[in-house]
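One-letter residues, chain by chain:
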Amino acid sequence: PHPLLTRVEVRPRMACPFSVVVAIDFGTTSSGYAFSFTQDSEAIHMMKRWEGGDPGVANQKSPTCLLLTPDLRFHSFGFAARDFYHDLDPEEARHWLYFDKFKMKIHSTSDLTMETELEAVNSRRVRAIEVFAHALRFFREHALKEVKDQSSSVLEGEEIRWVITVPAVWRQPAKQFMREAAYLAGLVSPDCPEQLLIALEPEAASIYCRKLRLHQVIDLSLQPVTNGLDLDGSRPFDSSFRQAREQLRRSRHSRTFLVESGTGELWSELQTGDRYVVADCGGGTVDLTVHQIEQPQGTLKELYKASGGPYGAVGVDLAFEAMLCQIFGEDFIQSFKAKRPAAWVDLTIAFEARKRTASPGRANALNISLPFSFIDFYKRHRGQSVEAALRRSNMNIVKWSSQGMLRLTQEAMNELFQPTIINIVKHIEELMAKPEVHGVRFLFLVGGFAESPMLQRAVQKALGRTCRIIIPHDVGLTILKGAVLFGLDPTVVRVRRCPLTYGVGVLNRFVEGRHPRDKLLIKDGREWCTNILDRFVSVDQSVALGEVVRRSYTPARLGQRKIIINIYCSATDDVTYISDPGVRKCGTITLDLPEPLPLPGAVGGAGAGGAGPERREIRATMQFGDTEIKVTAVDVMSNRSVRASIDFLSN
């Protein structure tokens, strides 16, 4: 049985204190922002196309890469950073700090703190929080300028509600890290935390998907599967993709999107459409959420805790790098990266552009031009040609073309994609097999990687017979638009599931035969059992907005200024003591105690006349139903609110 929660009234926040919502989709490979005015909330404005840009990749997001000068000052972000870095003299480039795909590090670091460092391409290290703050500051300036251009009434900072997206599979420290980076970047002040919302990526996508109309989606499952014919690239499948591409191209030129009020007609025709899975396939992670639409309000209820893992499109890039190491030797690739960092970045960009065009039915090879400095560097380093290295490597699936290109055959492309795609499909299948998800018939595929025909085909092949697979047209922008909608009304997600069991360690009366002797503590002549986990919430427990956990704490001694409480968490719920395997300390709650008010009529202050001081009671209220864990507290006797903070980063 899950811990019982107390219901409190969800007070609607003051009537619209903000006039604009700006959402930032901070992705592993690409990022962007969008905004909407509360007066005209049906219109979502996408960010302007920036200078630079890859031919053939015409979406409205920018690559997540950042360039710092040799003395660590911000220089540029996105295409501008890429192009400037490319044009630097190789000797000079070695001193500049270029960062890309740096969001992955936040997911993979188990003990994330404000001091965690990131490594630039040239191996110099900088605090991660600084790099994230530089990027957010860049978005803040661009977004503010654009919002001011659109709106005649000049904006003050207080009128904006900011939304930043993070993967739902991220743990609490990573979410807090993003919030701290936003404070550092000056998006909002730490004194007004409610001005910034952290949105979960698949949740944002889900909010947008409920608004879709039929002409705004591609339905992969409508393709007839003819005796396995279409699994090897027969026509009907491809033609539907060509149409989809055409529509994508058209919709990309318009920068303002209108969103239906209410739920879109897609839902009215899905009889069982009250439950669906959103698979957010991005650059760094696959992130899965299961929702149920609650009628008539159209709010969302999470049916199973967020799942997924570090399997995204970047996995294909890493496989390409591993393939290069196999052909040319790992020591050579490492040394080339160190000595010619800008050329290395060019090579990865060239691969990424080709990666987007890979599709299962494609017969001809994909060409990737090697930078001249790669060919030259190899000859000097190894005393032989790149061509000879290819021949010697017995890599039959990669050929050399006389124009100085690596030719990746269809087999080679498959080999690079397979490990990542297999992991993504496995995650979706495992989720679909859970009892809570049994019988769900709709799967929305969103995120940048969902544009890949390689992934689309694999998902269709694995799941097309059991569920309808639906891809929104502007699939790379789904999260961004949903994040704006979330900012306009964060109460739309009414019930979430806890990703972990959380609690604190407490003393209970020792019961002979039930408690182990090694946990016995004798205090004031009484027998206590130590280290018992007092559960706040259990893993996968449903928590609605407005459901809270209340506990009272008493300072141990008079004049104490702070109560510090350690929080423990566990991925399973079968734990009794905080010392059990799998339980770890994950954060702290700090309650600041103000001077107690002198009691009226007590001559000489508290404790006069020999009576002991009244034991103060501080009541803490914790909220687990939001995208972040929150805590507030009051001093019960005076009913004054007490400063309460919760910290998962300095653990």
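Residues numbered from 1 in each chain as written. Predicted model: local features only at pLDDT ≥ 70, side-chain atom pairs only at ≥ 80, totals over all residues. Heavy atoms only, no water.

**A few points about the overall build of the chain**
When helices and strands are counted, the chain shows 16 helices and 34 strands. Across the chain, contacts joining residues at least 24 apart in sequence account for 72% of those joining residues at least 6 apart. (Helix = DSSP H or I, 4+ residues; strand = E, 2+ residues; numbered from the N terminus. Contact = heavy atoms within 4.5 Å.)

**Observations concerning the pairing of strand 31 (residues 618-623)**
Two strands pair when backbone bridges link them, and strand 28 (residues 547-553) and strand 31 are joined in this way by 6 bridges, in the antiparallel orientation. Paired with R550 across the bridge in strand 31 is T621. Here strand 31 hands over to strand 32 (residues 630-635) after 6 residues, the two strands then running antiparallel side by side. (Pairing = 2+ DSSP bridges.)

**Regarding unusual backbone geometry**
Phi is positive for L72, which is not a glycine, with a value near 70°. Relative to the helices and strands, L72 resides in the loop between strand 6 (65-68) and strand 7 (74-77). Given the relative accessible area of 38%, L72 is considered partly exposed. In this structure, N531 takes a positive phi of about 60° despite not being glycine. Among the structural elements, N531 can be located in strand 26 (residues 526-537). (Buried < 20%, exposed > 50% of the residue type's maximum accessible area, 1.4 Å probe, protein only.)

**Remarks on the sheet that holds strand 31**
Within a sheet, each strand pairs with its neighbour through backbone hydrogen bonds, oriented either parallel or antiparallel. Strand order across the open sheet formed by 5 strands is 1-28-31-32-33, with antiparallel pairing between neighbours. Looking at the sheet topology across the chains shown, the edges are occupied by strand 1 (6-7) and strand 33 (640-642). Bridge count between strand 1 and strand 28: 2 bridges; the pairing is antiparallel. Each residue of the ladder has a partner; that of T6, found in strand 28, is V548.

**Examining helix 6 (residues 201-209)**
Since one α-helical turn is 3.6 residues long, residues separated by three or four positions face the same way. With 9 of its 9 residues buried, helix 6 lies for the most part within the structure. Along helix 6, the residues that are buried comprise E201, P202, E203, A204, A205, S206, I207, Y208 and C209.

**Focus: the nonpolar core**
Core analysis: the biggest nonpolar cluster contains 98 residues, and F328, V398, L408 and L443 have the highest contact counts within it. Residue contributions to this core peak at 10 residues, all from helix 14 (residues 410-432). Non-local contacts of L408, meaning those with residues more than four positions away in its chain, are made with F320, M323, F351, A365, L366, I368, I397, V398, M413 and L416. (Core = buried A, V, L, I, M, F, W, Y, C linked by side-chain atoms within 4.5 Å.)

**As for the packing of helix 1 (residues 79-87) against helix 11 (residues 341-355)**
At a closest axis distance of 8 Å, the pairing of helix 1 and helix 11 adopts a crossing angle of 130°. Taken together, the axis directions place helix 1 and helix 11 in an arrangement best described as oblique. The handedness of the crossing between helix 1 and helix 11 is left-handed. In this structure, helix 1 uses R82, Y85 and H86 to contact helix 11, whose residues at the interface are P341, A342, V345, D346, I349 and E352. Split into classes, the residues belonging to the contact of helix 1 with helix 11 amount to 5 nonpolar, 1 polar and 3 charged. (Axes fitted to C-alpha atoms, helices over the stretch in contact; angles between N-to-C directions. Parallel < 35°, antiparallel > 145°, perpendicular 65-115°, else oblique. Left-handed = near helix turned anticlockwise from the far one by under 90°. Nonpolar A, V, L, I, M, F, W, Y, C, P; charged D, E, K, R; others polar.)

**Details of the pattern of salt bridges**
For the coordinates displayed, the defined rule picks out 30 salt bridges. For D100, the salt bridge identified is with K101, shortest N-O distance 3.9 Å. Residue K101 is classed as buried on the basis of its relative accessible area of 17%. (Salt bridge = Lys/Arg side-chain N within 4 Å of Asp/Glu carboxyl O.)

**Examining the side chain of D287**
Within the element layout of this structure, D287 appears in strand 16 (residues 286-294). Although D287 is buried, it makes no salt bridge; K103 carries the closest opposite charge, 7.7 Å away. Separated by 2.6 Å, the side chain of D287 and the backbone nitrogen of A168 make a polar contact. Side-chain polar atoms of D287 contact the backbone nitrogen of V169, separated by 3.1 Å. Here D287 is in contact with P167, A168, V169, E201, P202, V278, A279, D280 and S307, once residues within four sequence places are set aside. (Lys, Arg positive; Asp, Glu negative; His and termini not counted. Polar contact = N/O pair within 3.5 Å; in protein donor to acceptor, adjacent residues only side chain to side chain.)

**So, helix 5 (residues 172-184)**
Taking 1.5 Å per residue, 13 residues should reach 18 Å; helix 5 reaches 18 Å between its end C-alpha atoms and fits that length. Burial analysis of helix 5 places 10 of its 13 residues in the buried class, the great majority of the element. Listed in full, the buried residues belonging to helix 5 are Q172, A174, K175, Q176, F177, M178, R179, A181, A182 and Y183. A positive backbone phi angle near 80° is found at G186, which sits one or two residues after helix 5. (Expected span 1.5 Å × (residues − 1).)

**Considerations on the sheet that holds strand 34 (residues 644-647)**
Ordered by their spatial adjacency, 6 strands build an open sheet running 25-26-24-29-30-34, and the pairing between neighbours is antiparallel. Whereas interior strands pair on both sides, the edge strands pair on one side only; in this sheet they are strand 25 (520-523) and strand 34. In this sheet, adjacent strand axes meet at a mean angle of 40° when their direction is disregarded. One ladder, built from 3 bridges, connects strand 24 (residues 501-509) with strand 29 (residues 562-570); its direction is antiparallel.

**Observations concerning the packing of aromatic side chains**
The full count for this structure, using the stated rule, is 27 aromatic pairs. Centroid distance F332 to F377: 5.8 Å. Interplanar angle 45°. Geometry classified as tilted. Of this pair, F332 sits in helix 10 (residues 330-339) while F377 is found in helix 12 (residues 372-382), placing the two residues 45 residues apart along the sequence. The burial state of F332 is the same as that of F377; both residues are buried. When the ring of F336 is compared with that of F374, the centres are 5.0 Å apart and the planes differ by 80°; the resulting orientation is edge-to-face. In this pair, F336 sits in helix 10 while F374 sits in helix 12, placing the two residues 38 residues apart along the sequence. Across this residue pair, the class does not change: F336 and F374 are buried. Clustering of aromatic rings is evident, with ring pairs tying together F328, F332, F336, F374, F377 and Y378. Sitting over the face of the ring of Y577, K519 holds its NZ or CZ atom 5.0 Å from the ring centroid. (Phe/Tyr/Trp six-rings, centres within 6.5 Å; stacked < 30°, edge-to-face > 60°. Lys NZ or Arg CZ within 6 Å of the ring centre and 35° of its normal.)

**Some details on the packing of helix 9 (residues 314-328) against helix 14**
Relative orientation of the contacting elements helix 9 and helix 14 amounts to 130°, with a least axis distance of 8 Å. Considering the angle they form, helix 9 stands oblique to helix 14. In the packing of helix 9 onto helix 14, the handedness of the crossing is right-handed. Where helix 9 abuts helix 14, its residues G315, V316, A319, F320 and M323 lie against A412, L416, F417 and T420.

**Remarks on the side chain of T285**
Along the polypeptide, T285 turns up in the loop between strand 15 (275-281) and strand 16. Look at T285 and you get buried, because its relative accessible area is 9%. Each residue touching T285, except ones within four places of it in the same chain, is listed here: H107, P167, V169, D280, G309, P310, Y311 and G312.

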